[in-house]
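# Topology and contacts: notes
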Amino acid sequence: MSITAATHLSEMPEAELVEVVYLNGGIAAVTERNRIAPILKNEKVKVVACGTSMEARNITKEELAPGVVYVPASLKEIIKRIQEGYIYLVL
């Protein structure tokens, strides 16, 4: 669902950047290269992995698919982006 949504959102003319933050149960997707490959190739999409969720599921930074950006805590990342004018969607 997140891959499709990110793709559609990135195709909107007014979208400069779509940031997809993977956390909680969805965090496993950032280690499965083939699963998120379509959005990792999209220059208008940034894929972010929550360090707190990774730690809870024993996922290391080395296991992240190439192109995935690590942040220590998704909550901080989301708040930062909202303050920058991003819209927060939960999928």
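Predicted model only: the values in this text are computed from it and were never measured. (Residues numbered from 1 in each chain as written. Predicted model: local features only at pLDDT ≥ 70, side-chain atom pairs only at ≥ 80, totals over all residues. Heavy atoms only, no water.)

### Details of a nonpolar patch on the surface
This is how it is decided: Nonpolar side chains (Val, Leu, Ile, Met, Phe, Trp, Tyr) are joined into patches within 5 Å and like charges within 9 Å, using only residues with over 30% relative accessible area and no salt bridge. Here the Shrake-Rupley method, with its probe set to 1.4 Å, supplies the accessible areas, and only the displayed protein chains count as covering residues. One side-chain nitrogen of Lys or Arg within 4 Å of one carboxyl oxygen of Asp or Glu is enough to make a salt bridge. Helix and strand definitions follow DSSP, with helices as H or I runs of at least four residues and strands as E runs of at least two, each counted in order from the N terminus. Three exposure classes are used, based on accessible area relative to the maximum for each residue type with a 1.4 Å probe and protein chains only: buried under 20%, partly exposed in between, and exposed over 50%.
A cluster of nonpolar residues, Met1, Ile87, Leu89 and Leu91, forms a patch on the protein surface that exposes about 540 Å² of accessible area. With respect to the helices and strands, the residue Met1 is situated in the segment before α1 (2-10). Looking at Met1, the relative accessible area reads 75%, which means it is exposed.

### Details of the packing of α1 against helix α2 (residues 33-40)
Definition in use: Helix axes use the C-alpha atoms of the stretch in contact, all axes being lines fitted to C-alpha atoms, and the angles between their N-to-C directions lie in the range 0 to 180 degrees. Any angle between 65 and 115 degrees counts as roughly perpendicular, while under 35 counts as roughly parallel, over 145 as roughly antiparallel, and the rest as oblique. Working rule for contacts: check all heavy atoms of both residues, and any pair within 4.5 Å makes them a contact. Side-chain classes follow a simple rule in which Ala, Val, Leu, Ile, Met, Phe, Trp, Tyr, Cys and Pro form the nonpolar group, Asp, Glu, Lys and Arg form the charged group, and the remainder, Gly included, forms the polar group.
At their nearest, the axes of α1 and α2 sit 9 Å apart, and the two run at 10° to each other. It follows that α1 is roughly parallel to α2 by the angle criterion. Across the interface between the two elements, Ile3, Ala6 and Thr7 of α1 pack against Arg35, Ile36, Pro38 and Ile39 of α2. A breakdown of the residues in the contact of α1 with α2 according to their chemical character gives 5 nonpolar, 1 polar and 1 charged.

### Some remarks on unusual backbone geometry
Phi is positive for Asn24, close to 50°, though the residue is something other than glycine. With respect to the element layout, Asn24 can be found in the loop between β1 (18-22) and α2. Its identity as a non-glycine residue notwithstanding, Asn58 has a phi of 55°, on the positive side. Here Asn58 lies in the loop between α3 (51-56) and β3 (69-71).

### Side note on the side chain of Ser53
With respect to the secondary-structure elements, Ser53 resides in helix α3. Setting aside chain neighbours within four positions, we find Ser53 in contact with Leu23, Asn24 and Ile27.

### A word on the sheet that holds strand β2 (residues 45-50)
Rule in force here: Criterion used throughout: strands pair if DSSP finds at least two bridges between them.
In spatial order, the strands read β1-β2-β3; together these 3 strands make up an open sheet with parallel pairing. Each edge of the open sheet is held by one strand with a lone partner, namely β1 and β3. Pairwise comparison of adjacent strand axes, ignoring direction, gives a mean angle of 30° for this sheet. Of the pairings in the sheet, the one linking β1 to β2 comprises 5 bridges and is parallel in character.

### A closer look at the nonpolar core
To keep it simple, the criterion reads: What is meant by a nonpolar core is a set of buried Ala, Val, Leu, Ile, Met, Phe, Trp, Tyr and Cys residues, joined one to another through side-chain atoms within 4.5 Å.
With 17 residues, the main nonpolar core has Tyr22, Val30, Ile36, Val47 and Val68 as its most contacted residues. For Tyr22, the contacting residues outside a window of four places in its chain are Ser2, Ile3, Ile27, Ala29, Val30, Ile36, Ile39, Val47, Val48, Ala49 and Cys50.

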